[in-house]
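One-letter residues, chain by chain:
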Amino acid sequence: MPSQPSKTLETFDNPRPDHDYTIRIEIPEFTCLCPKTGQPDFATILLEYVPDRQCIELKSLKMYIWSFRDEGAFHEAVTNTILDDLVTVSRPRFMRVTARFNVRGGIYTTVVAERRAPDWELTTPVALP
């Protein structure tokens, strides 16, 4: 197999660090294992961030997400782990990770975790008519 799961996340220089802009990445095939039963959990992960000096490289993100496939993790823990790891490597102005887990035992779970750089303030959105 040419590629393997990996916890290594890579970044590249933000081509426009002078601008605030949002990057949205949707990952519809996230899987991990329930730590209680060992059964697979499936989720869609939505990553939204305003980069500062670094952007997240997508192939390394794909391999990183793949690395959770055989790990047991509670929804809350894995969502916060993903956020913490991504913030550590990219140091964004703002980042939010939303994990929408598929139904398990008749219950849907969505976990939202976010971090904001202490010196960053959201610009006022423009309301167009």
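Here the structure is shown first, and the text comes after it.
All values reported here derive from a predicted model rather than from experimental measurement. (Residues numbered from 1 in each chain as written. Predicted model: local features only at pLDDT ≥ 70, side-chain atom pairs only at ≥ 80, totals over all residues. Heavy atoms only, no water.)

A.B. asks: Sorry if this is basic, but what is going on with the pairing of strand S6 (residues 107–116) here?
C.D. replies: For a regular strand, the rule is simple: side chains alternate between the two faces of the sheet. Here strand S5 (residues 94–104) runs beside S6; their pairing, made up of nine bridges, is antiparallel. Its bridge partner being in S6, Phe 94 is matched across the sheet by Arg 116. What sits between the antiparallel neighbours S5 and S6 is a turn of two residues, in which Gly 105 has the positive phi angle 60°. (Pairing = 2+ DSSP bridges. Helix = DSSP H or I, 4+ residues; strand = E, 2+ residues; numbered from the N terminus.)

A.B. asks: Would you take a moment to explain the side chain of Thr 79 for this structure?
C.D. replies: With respect to the helices and strands, Thr 79 occurs in helix H2 (residues 75–90). For Thr 79, a relative accessible area of 1% gives the class buried. Setting aside its immediate chain neighbours within four residues, Thr 79 contacts Val 97, Ala 99, Phe 101, Val 111 and Ala 113. (Buried < 20%, exposed > 50% of the residue type's maximum accessible area, 1.4 Å probe, protein only. Contact = heavy atoms within 4.5 Å.)

A.B. asks: Whenever I open this one, the sheet that holds strand S3 (residues 40–50) confuses me. Can you help?
C.D. replies: In any sheet, the strands associate via hydrogen bonds between backbone groups, in a parallel or an antiparallel arrangement. Across the sheet, which stays open at both edges, the four strands sit in the order S2-S3-S5-S6 with antiparallel pairing between neighbours. Of all strands in the sheet, those bounded by a partner on one side alone are strand S2 (23–33) and S6. This sheet shows a mean twist of 15° between the axes of neighbouring strands, independent of strand direction. Taken together, the eight bridges between S3 and S5 define a ladder with antiparallel strand orientation. Pairing of Val 50 across the sheet is with Phe 94, part of S5. Lying over the sheet, helix H1 (residues 58–66) contacts S2 and S3, oriented at roughly 25° with respect to S2. The strands touched by H2 within the sheet are S2, S3, S5 and S6, with S5 carrying the most contacts at an inclination of about 155°. (Axes fitted to C-alpha atoms, helices over the stretch in contact; angles between N-to-C directions.)

A.B. asks: What should I look at first to understand the pattern of salt bridges in this one?
C.D. replies: Proximity of charged atoms lets side chains of opposite charge pair with each other. Counted under the stated rule, the structure contains ten salt bridges. Among the salt bridges present, the one from Arg 96 reaches Glu 114, with a minimum N-O distance of 2.8 Å. You can see Arg 96 sitting in strand S5 and its partner Glu 114 sitting in strand S6, a full 18 residues away along the chain. Taken together, the shared-partner salt bridges in this structure form one network comprising Arg 24, Glu 48, Arg 96 and Glu 114. (Salt bridge = Lys/Arg side-chain N within 4 Å of Asp/Glu carboxyl O.)

A.B. asks: Mind showing me how you'd approach the environment of Gln 54 here?
C.D. replies: As for its position among the elements, Gln 54 is in strand S4 (residues 54–56). With 50 residues separating them along the chain, Gln 54 and Gln 4 place their C-alpha atoms 24 Å apart. If we ignore the near neighbours within four places in the chain, the residues touching Gln 54 are Thr 11, Phe 12, Asp 13, Asn 14, Tyr 49 and Ser 90. For Gln 54, the side chain forms a polar contact with the side chain of Thr 11, separated by 2.7 Å. A polar contact of 2.9 Å, which involves the side chain of Gln 54, links it to the side chain of Asp 13. (Polar contact = N/O pair within 3.5 Å; in protein donor to acceptor, adjacent residues only side chain to side chain.)

A.B. asks: So what exactly am I meant to see when it comes to the nonpolar core here?
C.D. replies: Nonpolar side chains in soluble globular proteins tend to be buried together. Core analysis: the largest hydrophobic core is formed by 27 residues, its most contacted members being Phe 30, Leu 47, Tyr 49, Leu 61, Ile 82, Leu 86 and Met 95. Of all the secondary structure elements, the ones that give two or more residues to this core are S2, S3, S4, H1, H2 and S5. (Core = buried A, V, L, I, M, F, W, Y, C linked by side-chain atoms within 4.5 Å.)

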